[in-house]
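Notes for the structure review
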Amino acid sequence: MASGPCPMRRASSLARAGAAALLLAAAGAQAAECARPVYLTFDTGHMGVAPLVAEVLDRQQVKASFFLANEKTRDGGTSLDDRWAPWWKAMAARGHVFGSHTYDHVYWLANLPGGGFRVKPTFGPQAGRVQAMSVEAYCAELDRSAARFKEMTGQSMLPLFRAPGGKTSAALLRAAEDRCGYRHVGWADAGFLGDELPSDKYPNAALLARALRNIRPGDILMAHLGIWSRQDPWAPAVLEPLITGLRQKGYCFATLADHPQYRAWLATHHVHGTP
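Now for a quick tour of the structure.

So, how was this worked out
- Residues numbered from 1 in each chain as written.
- Predicted model: local features only at pLDDT ≥ 70, side-chain atom pairs only at ≥ 80, totals over all residues.
- Heavy atoms only, no water.
- Helix = DSSP H or I, 4+ residues; strand = E, 2+ residues; numbered from the N terminus.
- Buried < 20%, exposed > 50% of the residue type's maximum accessible area, 1.4 Å probe, protein only.
- Contact = heavy atoms within 4.5 Å.
- Areas by Shrake-Rupley, 256 points an atom, 1.4 Å probe, with all protein chains shown as cover.
- Salt bridge = Lys/Arg side-chain N within 4 Å of Asp/Glu carboxyl O.
- 1 Å grid on protein atoms, 1.4 Å probe; cavity = no way out; pocket = protein on both sides within 12 Å on 5 of 7 lines; lining within 4 Å.
- Points joined across faces, edges and corners; volume = space filled by probe spheres on them.
- Nonpolar A, V, L, I, M, F, W, Y, C, P; charged D, E, K, R; others polar.

1. With respect to the overall build of the protein
Summing up its helical and strand segments, the protein has 8 helices and 10 strands in all. For the protein, the residues scored as buried account for 51% of the 275 residues in total. Residue pairs at least 24 apart in sequence account for 75% of intrachain contacts in the protein once pairs closer than 6 positions are excluded. Within the structure as shown, the protein displays about 12,000 Å² of accessible surface, and the carbon and sulfur contribution to it stands at 55%.

If you want it as structure tokens, here you go:
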């Protein structure tokens, strides 16, 4: 297996430089206005709350970062199907940024001797089946989301990804960077906003209070566009008071394009989803 990038990840140096320059210019302008930033991120989910999330972000004038996988939805389709394409296109036009969550929401389970990983996709034709996946195949999983996003929106993803469940290894992170061209994005301990937790034990009021008490400047926050198991939806009930409460504490919101841990990476690695 070749160690260089596949043709889909190849881009001219001029295209990379141009995309990086535009990205950094926008990030620099945002940074000038945001001295105590937090970074609000969403992973895909059943999408039942996605329109409400968009309404809150619009009303509060907050730009967020989204990680995309092709998950089953409440409307009987999937989160990256043609029914949701106009929504993603509108979100891209509003200035939000996007990364890959693997196309079939593929959980890393273990490293394999000699390279590759043991994984379990959550969705797609192999859903629920533990299997071996080569590094090349994992790169393709990341690229599938990027290619679909490009098809839906005409825009490109950032060279960032979030592994489902945040499950990774040093070998996976190294392969993702060196072979696939993506850097991983986790979240802060306080940035785990709790929408995956059972609502009877972790009611929305308690999750909001915990977040407002513990979040600190620079934290990456993580929630979802709908969790099947939570009976009392976290969004939008917690989202808007979280935004207003953090602003009252002097915080502001930025996207991952302006995160200091990723700025240098974004400046030297091309966006994804381009031919």
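2. Some details on the pattern of salt bridges
Under the defined criterion, the tally for this structure stands at 10 salt bridges. Among the salt bridges present, the one from Asp 58 reaches Arg 94, with a minimum N-O distance of 3.4 Å. A residue pair is termed long-range when its members are at least 10 positions apart, and Asp 58 in helix H2 (residues 50–60) and Arg 94 in the loop between helix H3 (85–93) and strand E3 (97–100) qualify at 36 residues. Taking relative accessible area as the criterion, Arg 94 reaches 35% and is therefore assigned partly exposed. Here Arg 148 ties to Asp 82 by a salt bridge, and the two come within 2.9 Å at their closest N and O atoms. Remark: Asp 82 occurs in the loop between strand E2 (65–68) and H3 and Arg 148 occurs in helix H4 (residues 135–153); sequence separation between them is 66 residues. Judged by relative accessible area, Arg 148 falls into the buried class, the value being 12%. Judged by its relative accessible area of 61%, Asp 82 is exposed. Among the ionic contacts, a cluster of salt bridges with common partners joins Asp 82, Arg 148 and Glu 151.

3. Section: the layout of surface pockets
Estimates place the volume of the second largest pocket at around 300 Å³. Together, 23 residues line the second largest pocket, and His 105, Tyr 107, Glu 196, His 224 and Ile 227 are the ones closest to its centre. Of the residues assigned to the lining of the second largest pocket, the class counts are 8 nonpolar, 11 polar and 4 charged.

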